[in-house]
Structure formats: structure tokens, C-alpha cells
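Residue-level listing of the chains:
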Amino acid sequence: MCFLLLLTGVTWVLHDLYNPPARNQASEQKGDRKVDGRGTLAIGVSTDQPGMSELRTANTFQGFEPDIALFIAKELGYDRKQVVFVPISPNIRESALRSSQVDLIVSDYGISDTRKAGIKIAGPYYASETSLLLPRESKATNLKDLSGQNVCAVKHSEAEKALKETPPNLKGPQLSIVTDVAHCLDELLARRVDAVASDAVHLAGFANQHPDLRMINSSFGAPEKYGFAMRGDEVALKNAVCDSIANYITSGSWERSYKKFLAPLLLSPPQPPQPPKLTECTSY
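Residues numbered from 1 in each chain as written. Predicted model: local features only at pLDDT ≥ 70, side-chain atom pairs only at ≥ 80, totals over all residues. Heavy atoms only, no water.

Novice: How should I be thinking about the sheet that holds strand β11 (residues 150-154) in this particular structure?
Specialist: Strand pairing in a sheet is mediated by backbone hydrogen bonds. Such pairs are either parallel or antiparallel. Across the sheet, which stays open at both edges, the five strands sit in the order β12-β11-β13-β10-β14 with mixed pairing between neighbours. With partners counted over all chains shown, the strands left at the sheet margins are β12 (174-178) and β14 (213-216), one partner each. Sheet twist, expressed as the mean angle between neighbouring strand axes with direction ignored, is 30 degrees. As paired strands, β11 and β12 are joined by five bridges and run parallel to one another. (Pairing = 2+ DSSP bridges. Helix = DSSP H or I, 4+ residues; strand = E, 2+ residues; numbered from the N terminus. Axes fitted to C-alpha atoms, helices over the stretch in contact; angles between N-to-C directions.)

Novice: I'm lost on the packing of aromatic side chains in this one. Help?
Specialist: This structure, assessed with the given rule, holds nine aromatic pairs. Taking 5.5 Å as the distance between ring centres and 80 degrees as the angle between the ring planes, the aromatic pair formed by Phe61 and Phe85 counts as edge-to-face. Of this pair, Phe61 sits in strand β6 (residues 61-62) while Phe85 sits in strand β7 (residues 83-87), placing them 24 residues apart in sequence. Here the two residues Phe61 and Phe85 agree in accessibility, since each one is buried. Taken together through their ring pairs, the aromatic side chains of Phe64, Tyr125, Tyr126, Tyr226, Phe228, Trp254 and Tyr258 make up a single cluster. Between the NZ or CZ atom of Arg115 and the centre of the ring of Tyr109, over which it lies, the distance is 4.5 Å. (Phe/Tyr/Trp six-rings, centres within 6.5 Å; stacked < 30°, edge-to-face > 60°. Buried < 20%, exposed > 50% of the residue type's maximum accessible area, 1.4 Å probe, protein only. Lys NZ or Arg CZ within 6 Å of the ring centre and 35° of its normal.)

Novice: Looking at this model, I keep getting lost on the state of the cysteines. Mind explaining?
Specialist: Throughout this description, disulfide means a covalent bond between two cysteine sulfur atoms. For the structure on display, the rule yields two disulfides. Between Cys152 and Cys184 runs a disulfide, and the two sulfur atoms are separated by 2.1 Å. Disulfide Cys152-Cys184: torsion about the S-S bond near -80 degrees, hence left-handed. A residue pair is termed long-range when its members are at least 10 positions apart, and Cys152 in strand β11 and Cys184 in helix α5 (residues 181-189) qualify at 32 residues. Note on accessibility: Cys152 and Cys184 belong to one class, buried. Residue Cys242 pairs covalently with Cys281 via a disulfide, S to S 2.0 Å. Across the disulfide from Cys242 to Cys281, rotation about the S-S bond amounts to roughly -80 degrees, and the bridge is consequently left-handed. Linking Cys242 in helix α7 (residues 235-250) with Cys281 in the segment after α8 (253-262), this pair joins segments that are 39 residues apart in sequence. (Disulfide = S-S within 2.5 Å.)

Novice: Quick question: what am I supposed to make of the side chain of Gln49 here?
Specialist: Residue position: Gln49 is located in strand β4 (residues 48-49). Looking at Gln49, the relative accessible area reads 5%, which means it is buried.

Novice: Please explain the confidence of the model for the protein as it appears in this structure.
Specialist: A residue-level look at the protein finds 85% of positions with pLDDT of 70 or above and a mean pLDDT of 86. Between the elements of the protein, mean pLDDT differs from a low of 35, seen in strand β2 (residues 11-17), to a high of 98, seen in strand β8 (residues 104-105). Confidence over residues 1-31 falls short of pLDDT 50; this stretch has 87 contacts with residues more than four positions distant or in other chains. (pLDDT = per-residue confidence, 0-100. Contact = heavy atoms within 4.5 Å.)

Novice: What's the story with the pattern of salt bridges in this structure? I'm lost.
Specialist: Oppositely charged side chains can pair when the atoms bearing their charge come close. Under the defined criterion, the tally for this structure stands at 11 salt bridges. In this structure, Glu54 and Arg56 form a salt bridge, with 3.3 Å as the shortest nitrogen-oxygen distance. On the accessibility criterion, Glu54 (11% relative accessible area) is buried. You can call Arg56 partly exposed: its relative accessible area is 39%. Residues Arg115 and Glu94 are paired through a salt bridge, measuring 3.8 Å at the closest nitrogen-oxygen approach. (Salt bridge = Lys/Arg side-chain N within 4 Å of Asp/Glu carboxyl O.)

Have a look at this one:
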């Protein structure tokens, strides 16, 4: 059984999902971009990412990703009552799309060539530097200080890629690879690993929640770029989402949401905030 949250007014109400009907591509006609045959738009989101996307009390979502998701939904022709947020974990995101349980994923979905092979991705809507989260008592100040120590990273992430590219003449950290960053956090809190390597935006949120942890301002590797994911045959929907992300940025909504949800958490937020280039959208 999968659960859905439906926004009524300002409250997300929990609904069960049983055998959802198949959804078709979005209409390409200007002003009519709803997913054909559906009165609602199902969007997969995270529940445990401070600043980005959290399931709060009273079944409400809050964060940068729910904010942009609602903007995109409105651009596609859906009002708030027609938006269904689906709490989703990283290990089922692709299967949820393929089985039509969701129309879109906006859940820190990192853009990679492997993922683009079977999924359409629009964006990126955010790019995060890679950094480190440590116990407050740790003496480490950079990645080199963690040589030989156990560092947790998420599979297929830019952090994992960067850590595995340690030059052979240098002794890098021992890697513990898991499927999602929340698992890494649990491992660090239990002191079963010495550090977490992941996107700075996630680590900053965790550090804000847990006073016994600290993030160091020592980025490495390539930024992790997040995009909206949809099924591989959704060409028209991707184009519509690309247009909507561009509007989100040019309208000033991106900057307002960034300042509200993300800037207060980050150690050194860029000034002024810099939205990413829409490299997955051919028209931009």
C-alpha cells in the first residue's frame, strides 16, 4: 500500500493509493498542459530533508521542493486541491514513475547519464556543493583529515564519485555506501561512521537539527544537480516543466524560496543567490 497526501486549503490530507489508472502525456497545446485524463497531479517528494522537503506536523509539507512543485503544478493548470504529494524514498523513485504512482519526482533527484537513460529529466532547479558532516568532537577540518576513516556516502552521488577518485598515491577514507542520506545520518548519529559526505544543502539541514554535529565548509567534487523526473515517454510534459522552471526563476520565486528555506541553513550562501542554468532543457 502506498500513501498520498492531498492538499485541501493549506492542509495535506492522507489518502491511500490503490492501483492508480494509467496516465498519458501532457497536452502540448499552450494553456492546456495538464496530464491527460487526470484530475490531479501526483508529485513524489521527500519527507526528511530539512530546508528542501519535510513532512511536518498535521500532515503538512514544507521546503524549497514543495514550493517549486506547487508553482510548476499551477503553471501546468492544476490548482492546490488537485496536487497530490506522494512521500517517496530514494530506492523506489524510478519504480513509482514507471508504475504511474506519480507523474513527477521532485525529491533531490540527482541528474546523471545513467538516470537519463530511462527517465526524462527537466532542470536542474538546484545545484548543491558537496561537503562533509562530522561529530562536533571531530578534529577534522577537511577531507584529507579523514584519511583511513569511515565516511558514508549515497550510491551514485557526486560525493561517492569524488571520494572514489582519490589519487592512488594518497590514502583516502574508507567508504560506506548506502541508498539514501538519511541512512548516513543514522550511521553518524550512532557513531558507526566518522563522517557523511553529501550535498551541502542536506548536511546543513541535518547540522541545524542536531547540535552534536557540525558541517565543515570544505567543498569537493562536482556539484549535485537536482531535476524534475518523469517517465521516459513524457516529452511534452518535460517541455512544459522546463518552461515552468524558467518562469519560476525569472519571476523571482526561486530567489524568494531560496532565501526562505535554504540560505538560513547554509554556512556560506552565495550572494546574490545563483539559480543553475537549465542544462536539461534544450530551449534555455
